[in-house]
Amino acid sequence: MSRQYLFTSESVTEGHPDKVCDQISDTILDALLTQDPQSRVAAEVVVNTGMVVITGEITTKANVNYVKLVRQKISEIGYNDADNGFSATSCSVLVALDEQSPDIAQGVNSAHETREQSSEELFDKVGAGDQGIMFGFACNETPELMPLPISLSHRIARRLAAVRKTKQLPYLRPDGKTQVTVIYENGRPVGIDTILISTQHDATIGEIIDEAAVQAKIKEDLWTTVVEPVFGDLEVKPDSRTRFLVNPTGKFVVGGPQGDAGLTGRKIIVDTYGGYSRHGGGAFSGKDPTKVDRSAAYACRYVAKNIVAAGLADKCEVQLSYAIGVARPTSIFVETFGTGKVSDDILLELIKQNFELRPAGIIHTFNLKNLPNERGGRFYQDVAAYGHFGRDDLDLPWEKTDKAELLKTSATNLQLTPVI
């Protein structure tokens, strides 16, 4: 019997208050790692009307101007008008930082200066920066091997920002949210039930001042300049039954930090798989790669994506867990939801044989400490909005499928028996 159901994911634009905080946190991380790749960073940011607070724990030899970094990032996002209640030039910036606890640092410091040791020895001596659980996921619903609902939500959010910045829709303001409900049948996407866009905007559009007329204009413009281009090359498209909702309250003029306080790490589902896969609870932004909340989540995605790219499963979820100060994961779990072409036990063995999952090894594999330096001083800030996974607009090391052929070959050599 066929089963039909709906699944929904959301995204937010770079001007959303929480995402402003994530981007500032990762801009600070980029600046510190560029000058000192050994920086230990846990940068938290709070924004509200006319105010930015930077707090957290940072240990570094770098010398950066935090206030200048904050103002540059806010301007880049698009908050340059004091009438918006939040502006790069007029907001106050408060800095309240401590150093990383020495009790934490001792578990991850031991191997930095011992060049005589092999990589294996070094990887074993660098422990995880915290305990915790991390998940990674991949599926074959989209070319980037991501679930379709979050993929579409991100595409629409990126497009919404693009038409604002290019002045194609000059009345748009930086804050916005998108949401897509996908129709599934027997586990595969077959249609689009609902598209929702909430976007901050000017109170009037040209000579249009009536609120209802303003919303009608926004809805018409968003359909033709945002939605239609996003779905242009996709098989699953909106049809006559698809609901299209825009600013359901009737208007969205007051937004950004003036409309809602923001906080680093409060959009962890947007950052990952839109709720389609489980989440370990740890946020990414503002954390240097010794924090396994970030680096091990990237490794989980890398493992899951390569398994799906190898054709060994249609869907794959990987969980890792760590103990603070201990290098090797305390557990590895793999789940293919009945789509595996080999057993999950065999996949677990392939993961153990072919992937480096110790924190120092993950950092080495993805070059996580040196990426900002190699990319002109910015890397992490670019993944701080529109998702950390499935980004076909960025060259991300954990999105590579360079292990797929190796996994296929390993499966063949081990004469794995397909699951019937």
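Just so it is clear, the structure is predicted and the values come from calculations on it, not from any experiment.

Visitor: Is there a simple way to think about the packing of helix α5 (residues 148–165) against helix α6 (residues 211–231) in this case?
Guide: When two helices pack together, their arrangement is captured by the angle between the axes and the distance separating the axes. Taken N-terminus to C-terminus, the directions of α5 and α6 make an angle of 135°; their axes are 9 Å apart at the nearest point. By the angle between their axes, α5 is oblique relative to α6. Crossing geometry of α5 relative to α6 is assigned as right-handed. Where α5 abuts α6, its residues Leu 152, Arg 155, Ile 156, Arg 159, Leu 160 and Val 163 lie against Leu 222, Thr 225, Val 226, Pro 229, Val 230 and Phe 231. Classifying every residue of the contact of α5 with α6 by side-chain character gives nine nonpolar, one polar and two charged.

Visitor: Just checking my understanding: could you explain the pattern of salt bridges for this structure?
Guide: When their charged atoms lie close together, side chains carrying opposite charge are able to pair. Taken as a whole and assessed by the stated rule, the structure comprises 29 salt bridges. Its salt-bridge partner being Asp 271, residue Lys 19 comes within 2.6 Å of it at the nearest N-O pair. Here Asp 271 lies in helix α8 (residues 268–271) and Lys 19 lies in helix α1 (residues 17–35), a separation of 252 residues in the sequence. Accessibility expressed as a relative area gives 2% for Asp 271, which makes it buried. Between Lys 287 and Asp 293 there is a salt bridge whose closest N-O contact spans 2.9 Å. Accessibility assignment for this pair places Lys 287 and Asp 293 in one class, buried. Residues joined by salt bridges that share partners form a network here, namely Lys 73, Glu 76, Arg 378 and Asp 382.

Visitor: What am I meant to see in the sheet that holds strand β1 (residues 4–12) here?
Guide: Strand-to-strand pairing in sheets goes through backbone hydrogen bonds, with the strands running parallel or antiparallel. Pairing within the open sheet is mixed, and its four strands lie in the order β1-β6-β7-β8. With one partner strand each, in any of the chains shown, β1 and β8 (243–246) form the two edges of the open sheet. Geometrically, the sheet is characterised by an average inter-axis angle of 15° between neighbouring strands, direction not taken into account. One ladder, built from four bridges, connects strand β7 (residues 188–201) with β8; its direction is parallel. When the bridges of β8 are listed, Ile 197 appears paired with Val 246.

Visitor: Looking at this model, I keep getting lost on the sheet that holds strand β5 (residues 132–139). Mind explaining?
Guide: Pairing within the open sheet is antiparallel, and its three strands lie in the order β5-β10-β11. Where the open sheet ends on each side, the last strands, each with one partner, are β5 and β11 (331–335). Averaged over all pairs of adjacent strands, the angle between strand axes in this sheet comes to 15°, irrespective of strand direction. In this sheet, strand β10 (residues 315–322) lies alongside β5 in antiparallel orientation, the contact comprising eight bridges. Looking at β10, one finds that Cys 139 is bridged to Lys 315. Of the strands in this sheet, β5 and β10 touch helix α9 (residues 292–309), which is tilted by about 30° from β5.

Visitor: Please clarify how α6 should be interpreted in this entry.
Guide: Side chains three or four residues apart in an α-helix point the same way, a direct result of the helix having 3.6 residues per turn. Between the first and last C-alpha of α6 there are 29 Å, a value that for 21 residues agrees with the 30 Å anticipated at 1.5 Å per step. The sharpest bend along α6 measures roughly 40° and falls at Trp 223. Of all the residues in α6, the buried ones are Val 214, Gln 215, Ile 218, Asp 221, Leu 222, Thr 225, Val 226, Val 227, Val 230 and Phe 231. At its buried positions, α6 is contacted by α5, β7 and β8.

Visitor: It is not clear to me how the nonpolar core should be interpreted in this structure. Could you clarify?
Guide: In globular proteins that are soluble, nonpolar side chains generally tend to be buried together. Ranked by size, the top nonpolar core spans 104 residues in total, and within it Val 52 and Trp 398 carry the most contacts. The element contributing the most residues to this core is α9, with eleven residues. If sequence neighbours within four positions are ignored, Trp 398 has contacts with Tyr 298, Arg 301, Tyr 302, Phe 366, Leu 368, Phe 379, Val 383, His 388 and Phe 389.

Visitor: Help me out: how do you make sense of the side chain of Thr 264 in this one?
Guide: For Thr 264, the location among the structural elements is in the loop between β9 (262–263) and α8. Judged by relative accessible area, Thr 264 falls into the buried class, the value being 7%. A polar side-chain atom of Thr 264 sits 2.8 Å from a polar atom in the side chain of Ser 25. There is a polar contact of 3.0 Å between the side chain of Thr 264 and the backbone nitrogen of Val 45. Those residues within four positions of Thr 264 in sequence are excluded, and the remaining contacts are Cys 21, Asp 22, Ser 25, Ala 43, Glu 44, Val 45 and Ser 285.

Visitor: Explain unusual backbone geometry here, please?
Guide: If a residue is not glycine, its phi is most likely negative; likewise, a peptide bond is most likely trans. Not every positive phi belongs to a glycine, and Asn 247 is a case in point at roughly 40°. Judged by its relative accessible area of 4%, Asn 247 is buried.

Visitor: Where do I start with the confidence of the model for the protein in this structure?
Guide: Should the pLDDT be low somewhere, the predicted coordinates at that spot are not to be read in detail. Of all residues in the protein, 93% attain a pLDDT of 70 or more, and the chain-wide mean is 92. Here residues 111–116 is a poorly scored stretch, pLDDT under 50, and it has seven contacts once near neighbours within four places are set aside; other chains count.

Visitor: Any chance you could explain the packing of aromatic side chains here in plain terms?
Guide: To describe a pair of aromatic rings, one takes the distance between the centres and the angle between the planes. For the coordinates displayed, the defined rule picks out 18 aromatic pairs. When the ring of Tyr 273 is compared with that of Phe 389, the centres are 5.1 Å apart and the planes differ by 5°; the resulting orientation is stacked. With Tyr 273 in the loop between α8 and α9 and Phe 389 in the loop between α13 (380–383) and α14 (404–413), this pair connects stretches of sequence that are 116 residues apart. Taking the relative accessible area as the measure of exposure, Tyr 273 reaches 1% and is therefore buried. The exposure class assigned to Phe 389 is buried, which follows from its relative accessible area of 2%. Against the face of Phe 355 rests Lys 403, its NZ or CZ located 5.6 Å from the ring centre.

Conventions and cut-offs
- Residues numbered from 1 in each chain as written.
- Predicted model: local features only at pLDDT ≥ 70, side-chain atom pairs only at ≥ 80, totals over all residues.
- Heavy atoms only, no water.
- Axes fitted to C-alpha atoms, helices over the stretch in contact; angles between N-to-C directions.
- Helix = DSSP H or I, 4+ residues; strand = E, 2+ residues; numbered from the N terminus.
- Parallel < 35°, antiparallel > 145°, perpendicular 65-115°, else oblique.
- Left-handed = near helix turned anticlockwise from the far one by under 90°.
- Contact = heavy atoms within 4.5 Å.
- Nonpolar A, V, L, I, M, F, W, Y, C, P; charged D, E, K, R; others polar.
- Salt bridge = Lys/Arg side-chain N within 4 Å of Asp/Glu carboxyl O.
- Buried < 20%, exposed > 50% of the residue type's maximum accessible area, 1.4 Å probe, protein only.
- Pairing = 2+ DSSP bridges.
- Expected span 1.5 Å × (residues − 1).
- Bend = angle between axes of the 7 residues up to and from the residue.
- Core = buried A, V, L, I, M, F, W, Y, C linked by side-chain atoms within 4.5 Å.
- Polar contact = N/O pair within 3.5 Å; in protein donor to acceptor, adjacent residues only side chain to side chain.
- pLDDT = per-residue confidence, 0-100.
- Phe/Tyr/Trp six-rings, centres within 6.5 Å; stacked < 30°, edge-to-face > 60°.
- Lys NZ or Arg CZ within 6 Å of the ring centre and 35° of its normal.

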